[in-house]
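Secondary and tertiary structure notes
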Amino acid sequence: METSYETIIIGGGVVGSSIAYHLSERNKEGIVVLDKKFPLSGTSGSTQAWVWVHNKTPSWYAEFSMYSAELYPYLSKKIGDVEYKRTGGLSPFFSELDREKAERLAEAYEPIGIKIKVLSREEALEKEPSLNPDIVGATYSSIDGNVNPFRLVDRYMRAAKKNGVQYSTYNKVTEIQKLPGKFIVRAEKGRFECKNLVLAGGTWSRELGKLVEVTIPINQLRGQILVTEPLKPFLNYTISGLRQAFNGEVLIGYSMEEEGFNRATTLDVIQETANMAIHYVPSLRKAKVVRAFSGIRAMPEDGFPILGKIPGVENLYVAAMHSGVTLSPLVGTLMTELILDGETSIPIDRYSISRFA
Amino acid sequence: MNAVETDVLIIGAGPAGLAAAFETASRGLQVTLVDESKSMGGQLVQQTQVLSSLPSIYQPMCGFELAAHLSRQLEDFEIRYLLGHRVIGFYKDGSVGITDEKNVFPLRAKKTIVATGASENAIAFPKWTLPGVMTIGAAQTLMNRNFVQPGKNAVIVGSSDFAMDVALQLSKVGVRIRGIVEKNTGVKANGTEKVEQVRKIGIPILLNSSIKEARGIGAVSEVDIQQGEDIWTEKVDLVCVDGGRSPILDIFYQLGCSFGHQEELGGWVPQYNNDFQTDCENVFLAGNAAGISTQGALLVTGMLAGINVCAALGAISKEAVEEGKQSLWKELESIETRSNLKVWQARNQHIEKFAHPVLKDQFIS
């Protein structure tokens, strides 16, 4: 394997693989992705994989998410079917107080072109008859949906490889050295050199940052997800906390726990999650839960993506965020522009790591 | 919900679990026994063949007789039986979640013995998912437990001792066995007598052969068997696949135990020490979950786990523990070196690696 590259991307999850793919569309040579395990063995493979815009706040973050969601149909045309479904998203609420909040949200979104409807109880039940009749209403956004994360990352990888990207897996990076004009990256399986270095380590970003003496303030959040037996299609929308997959299984998850990298599941959360699901969709009471799994999510300290150049270190970039599935098409596109053109078509200054300084 | 308390929780009421229950309950410990089946004895219940290599204190007997014996010897003790119940997970505080398929309740045990046994491995070939294709153990269960003849014309894939036993039993209930298909150059079974018996009743044993494809609409109706260059078709309505067995590990995953790989023990096996204790201090294991072995060995591992749990809870004197352990290990050695030396060697290798597990958790990190 050649060891000198134009660009090394550390992390082959949905974010790293999207950057690799988008970069390879324009720059066919000299890209390698290093992954400590294998793409989809971490966060990207243990997610409900919503493409979700609605109720992201503040509105500029929702706008950013919307641009990414809008890229999905185009992305599917380029890399192949990723089972992207723009189902529309429903967030039911159970009190009048929440209705006021919802209306304020809808108002805030209007100027940026995200249409959120605040539905009455009857309207919501008409759209999704399985919802709990005790709801007071729901917010609805037509741009929300979901995707098959396994297909998504796999398609990114295949498309990237077709364009000449190399993947080096089970190859944990242990040391990064900055020399004039280049980086030397030492990993378990060898030594690599590159001009550009992109840190896309997701939940491991903080550890990666330490190798270049940069604090990347990403923490871990555990989410436990339940999977039901395959049920006949009965959910029309992506509902807050749950969605029905192509094969009929309903995926349910609400929990967020600070447990580091511990991927265990606990019955406490499993039971809570099941109860929440029944609260939203009472008929799920009869469904059998066949599986539960945990995913460790990346969570930046302030909740927003950390994206762009790392100030003070030439040609060093970072892309670390929660909601990597939603944002991956846009992040891949923008990081490519940043690396090749030095500027982006949509401003990303707001997401610079320098905000934490 | 307040957790139910118990000294010892035994998960699995097969031979190992029942043996462990006897060791612990007979020394005055409060024992809870969980099994998803409504009956005790696990897979013993449908074993109508005579079990060889039982521990020296036992007369030769059939599996179902042994199951009855093991259950009967518990009658004098107050054991909390949770039959028809399943362990489905663990709470954050370490208590175990048990369901009766309707409700879930927590149970807190001082020590847990996991004796979840083994599951059969399938052998895949084109159309192997057609009804009529089943594991060899499933065919035996249908026949001996449910009294259903699983088919009329059968092919068996695999030639272990167990496959020979079931071949004989199937023949006895009128299933015509068209052949035993073995991909290797020799028969896998160690019991030469049984192989002779199988040959004698006219069942062809086909070495160097495999199933190329199954066919059928809605159910299997024929298979193509390949032996070297020859391919021919057999009309069958039953294909029994014997892909060996592997320990059932779900509970160990949930508990965060480490694993090592030992091909001869069935693949991935929880890491354990001389005391049949895993690297989770309060978790012991026994039976096929600790490595696939013969019925006699399973009993001994159950007894060992039971004695060691008694020691950990102070229910037995130090001398008695040492004496018991020594004689049981001797017994285990004698049974396993006689029935399958490779298993004995693999078990020892596995125990030696206790401090250096290959897998610290299920996520290969």
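Under an unreviewed UniProt entry, the name given to chain A is FAD-binding oxidoreductase, and the source organism is Neobacillus paridis.

**A closer look at the UniProt feature "domain: FAD dependent oxidoreductase" (unreviewed entry) in chain A**
Residues annotated by UniProt as "domain: FAD dependent oxidoreductase" (unreviewed entry) correspond here to residues 7-338 of chain A. Taken end to end, residues 7-338 of chain A is 32% helix and 28% strand, and its two terminal C-alpha atoms sit 13 Å from one another.

**Quick look at the packing of aromatic side chains**
All names here are of chain A. The full count for this structure, using the stated rule, is 18 aromatic pairs over all chains. Taken together, a centroid distance of 5.3 Å and an interplanar angle of 85° make the contact between Tyr 61 and Phe 304 edge-to-face. A residue pair is termed long-range when its members are at least 10 positions apart, and Tyr 61 in helix 2 (residues 59-79) and Phe 304 in the loop between strand 16 (289-300) and strand 17 (306-309) qualify at 243 residues. When sorted by exposure, Tyr 61 lands in the same class as Phe 304, which is buried. Linked through ring pairs, Trp 60, Tyr 61, Phe 64, Phe 304 and Tyr 351 together constitute an aromatic cluster. Between Lys 178 and the ring centre of Phe 183, over which it is positioned, the NZ or CZ distance is 4.5 Å.

**Points about the domain arrangement of chain A**
Residue and element names in this part refer to chain A. Looking at chain A, the domain boundaries give domain 1 (4-47 + 150-217 + 302-356), domain 2 (89-141) and domain 3 (219-300). When each unit is reduced to the centre of its C-alpha atoms, the spacing between domain 2 and domain 3 is 22 Å. Contact with domain 2, which involves 13 residues of that partner, is made by 12 residues of domain 3. Each partner contributes to the roughly 1,000 Å² buried at the junction of domain 2 and domain 3, and carbon and sulfur atoms together form 54% of this total. It is Phe 94, Glu 128 and Ser 130 in domain 2 that bury the most area against domain 3; as a group they hold 43% of the surface buried on that side. Across the contact surface, domain 2 and domain 3 share zero salt bridges. For the pair domain 2 and domain 3, the interface holds seven residue pairs in polar contact (both at pLDDT 80 or more). With four residues, strand 4 (residues 89-93) is the largest single contributor of residues to the side of domain 2 that touches domain 3. The residue inventory of the side of domain 2 that touches domain 3, partitioned by class, reads seven nonpolar, four polar and two charged.

**Things to note about the pairing of strand 11 (residues 190-199) of chain A**
Residues and elements named next belong to chain A. Burial runs high along strand 11: seven of the 10 residues are buried. In this sheet, strand 11 lies alongside strand 1 (residues 4-10) in parallel orientation, the contact comprising six bridges. When the bridges of strand 11 are listed, Tyr 5 appears paired with Cys 194. Relative to strand 11, strand 10 (residues 182-187) runs antiparallel, the two sharing five bridges. For Ile 184, the partnering residue across the bridge sits in strand 11 and is Glu 193. Linkage of strand 10 to strand 11, two consecutive antiparallel strands, is achieved through a turn of two residues. In this sheet, strand 18 (residues 316-320) lies alongside strand 11 in parallel orientation, the contact comprising three bridges. Bridge pairing in strand 18 places Val 198 opposite Tyr 317.

Procedures and definitions
Residues numbered from 1 in each chain as written. Chains lettered and ligands numbered in written order. Predicted model: local features only at pLDDT ≥ 70, side-chain atom pairs only at ≥ 80, totals over all residues. Heavy atoms only, no water. UniProt positions renumbered as here; feature names shortened; annotations may be inferred. Helix = DSSP H or I, 4+ residues; strand = E, 2+ residues; numbered from the N terminus. Phe/Tyr/Trp six-rings, centres within 6.5 Å; stacked < 30°, edge-to-face > 60°. Buried < 20%, exposed > 50% of the residue type's maximum accessible area, 1.4 Å probe, protein only. Lys NZ or Arg CZ within 6 Å of the ring centre and 35° of its normal. Domains from an automatic or database assignment. Contact = heavy atoms within 4.5 Å. Buried area = accessible area lost by both parts, 1.4 Å probe. Salt bridge = Lys/Arg side-chain N within 4 Å of Asp/Glu carboxyl O. Polar contact = N/O pair within 3.5 Å; in protein donor to acceptor, adjacent residues only side chain to side chain. Nonpolar A, V, L, I, M, F, W, Y, C, P; charged D, E, K, R; others polar. Pairing = 2+ DSSP bridges.

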